[in-house]
Amino acid sequence: MNPQAKLIFTISLLLGTAITTSSNHWIMAWAGLEINTLAILPLISKSHHPRAIEAATKYFLVQATASTLLLFSSMTNAWYTGQWDITQLTHPISCLILTSAIAMKLGLVPFHFWFPEVLQGAPLTTGLLLATVMKFPPITLFFLTSHSLDPTLLTCMAILSAALGGWMGLNQTQIRKILAFSSIAHLGWMTIIISFDPKLTLLNFYIYSLMTTATFLALNSIKALKLTTLMTTWTKTPSLNAMLFLTLLSLAGLPPLTGFLPKWLIIQELTKQSMAPAATVISLLSLLGLFFYLRLAYCTTITLPPHTTNHMKQWHTNKPTHITIAILTTLSTMLLPISPLIYPLS
């Protein structure tokens, strides 16, 4: 892709995100979401592969539908209450439609169907944007309207997302699809707590984005897209693979690592809200995700490649990103001891 065009699309992405996250009016928020959608489409389809074109088409159709529902929700609320302010969403039908629109934007169950296919058709760097930056504006709208949404509906969607994200990721061999189902499962954890402690949802999203960025950049550096290719990378970059191993375990939420922090705080808050059964169910469902994270970690470090392999080993890695990966993986594994400082800052 032309560097000038890539620069324009990147600036448009940042602009759309900034407009949505800083707006108080529904029309401005909708305009920012549309700018985001139009800016990411060329980045998804830049390889001109049929799968990439298909992914861009699916993404456009789903996001356009979600934006239409969001605009319809805000117009319905304005019709009944005369308010266009995002925080003044009070009409129950508008709240229900908005929940559906944001769930479709994020990829929550039952509107999850597009996300694994789009992520599979996109390059790793674009997949990173889809999994992190593109979810920030809808999460912000969720945060601003959390007091108006139905907690029971959000809890049901969250538990279903955690269940389906863990269950569907078990039998996958494509790394991008595994990370897509991982994202769906993490969104379940963010959604279940947003009605009770919205700041905790943002903290979870920030830590998830940190760990996912480290994972995507490491995979992009070693050019691994499938589990069978991942098995051959230990002989190429052992130190990077060891750090990828720890980052994957942190994504799974194992205790000494950073990924345990949001799960710990969410379970604690759910227990305070007399939702111990929901906390127990979503904690047990996270074991499904733990299985495929351990599978990825096993392929990354514990297996050694055979001497006769059908995969081309690419011995040259992308050197400039190694410092970034080192910083991100360090943060992804070592933030738990300073959790008393992190949570008040959020």
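Rules behind the numbers
Residues numbered from 1 in each chain as written. Predicted model: local features only at pLDDT ≥ 70, side-chain atom pairs only at ≥ 80, totals over all residues. Heavy atoms only, no water. Phe/Tyr/Trp six-rings, centres within 6.5 Å; stacked < 30°, edge-to-face > 60°. Helix = DSSP H or I, 4+ residues; strand = E, 2+ residues; numbered from the N terminus. Disulfide = S-S within 2.5 Å. Axes fitted to C-alpha atoms, helices over the stretch in contact; angles between N-to-C directions. Parallel < 35°, antiparallel > 145°, perpendicular 65-115°, else oblique. Contact = heavy atoms within 4.5 Å. Nonpolar A, V, L, I, M, F, W, Y, C, P; charged D, E, K, R; others polar. UniProt positions renumbered as here; feature names shortened; annotations may be inferred. 1 Å grid on protein atoms, 1.4 Å probe; cavity = no way out; pocket = protein on both sides within 12 Å on 5 of 7 lines; lining within 4 Å. Points joined across faces, edges and corners; volume = space filled by probe spheres on them.

Turning to the packing of aromatic side chains, a few remarks are in order. Going through the model one piece at a time under the given rule, you end up with seven aromatic pairs. Ring geometry for Phe-136 versus Phe-205: centroids 5.9 Å apart, planes at 10 degrees, classification stacked. Pair noted here: Phe-136 is in helix H7 (residues 136-144) and Phe-205 is in helix H10 (residues 198-222), with a separation of 69 residues, a long-range link. Both rings, one in Phe-136 and one in Tyr-206, keep their centres 6.5 Å apart while their planes meet at 45 degrees; by these two values the pair is tilted.

Attention now moves to the state of the cysteines. Counting across every chain of the model gives zero disulfides. Here Cys-95 is not disulfide-linked; the sulfur of Cys-156 is the nearest cysteine sulfur, at 17 Å.

Once that is clear, we can look at the packing of helix H2 (residues 26-44) against helix H3 (residues 50-81). The description of two helices packed together rests on the angle between their axes and the distance between the axes. Close contact between H2 and H3 brings their axes to 10 Å; oriented N to C, the two are set at 180 degrees. Classified by the angle between their axes, H2 and H3 sit roughly antiparallel to one another. Judged by residue contacts, Trp-26, Ile-27, Trp-30, Leu-33, Glu-34, Thr-37, Ile-40, Leu-41 and Ile-44 of H2 engage Ala-52, Ala-55, Ala-56, Tyr-59, Phe-60, Gln-63, Ser-67, Leu-70, Leu-71 and Ser-74 from H3. Among the residues forming the contact of H2 with H3, the class breakdown is 14 nonpolar, four polar and one charged.

All right, on to the UniProt feature "transmembrane region" (unreviewed entry) in the chain then. UniProt annotation of "transmembrane region" (unreviewed entry) refers to residues 59-79, 91-115, 152-171, 178-196, 202-219, 240-261, 281-304 and 325-343 when read in the numbering used here. Annotated as 84% helix and 0% strand, the span residues 178-196 places its first and last C-alpha atoms 29 Å apart. Segment residues 240-261 splits into 68% helix and 0% strand. End C-alpha atoms: 24 Å apart.

The next thing to look at is the layout of surface pockets. Its boundaries defined by the atoms lining it, the largest pocket holds a volume of some 230 Å³. Lining the largest pocket are Lys-6, Thr-10, Leu-13, Leu-14, Leu-43, Lys-46, Thr-125, Thr-126, Leu-128, Leu-129, Thr-132 and Val-133. Counting only elements with at least two residues in the lining of the largest pocket, the list comes to helix H1 (3-22) and helix H6 (124-131). Looking at side-chain class alone, the lining of the largest pocket contains six nonpolar, four polar and two charged residues.

Right, let's talk about empty space enclosed by the protein for a bit. Scanning the model with the defined rule gives three cavities of 30 Å³ or more in all. Roughly 110 Å³ of internal volume is contained in the largest cavity. In terms of lining residues, the largest cavity is bounded by 13 residues, among which Ala-185, Trp-189, Lys-263, Ser-286 and Gly-289 are the most central. Where the lining of the largest cavity is concerned, the elements lending two or more residues are helix H8 (151-168), helix H9 (175-193), helix H12 (238-252) and helix H14 (276-302). Classifying every residue of the lining of the largest cavity gives seven nonpolar, five polar and one charged. Each pocket or cavity is described by its volume, and for the second largest cavity that value is around 80 Å³. Looking at the second largest cavity, it is lined by 13 residues, and the ones nearest its centre are Tyr-59, Gln-63, Lys-105, Met-134 and Pro-138.

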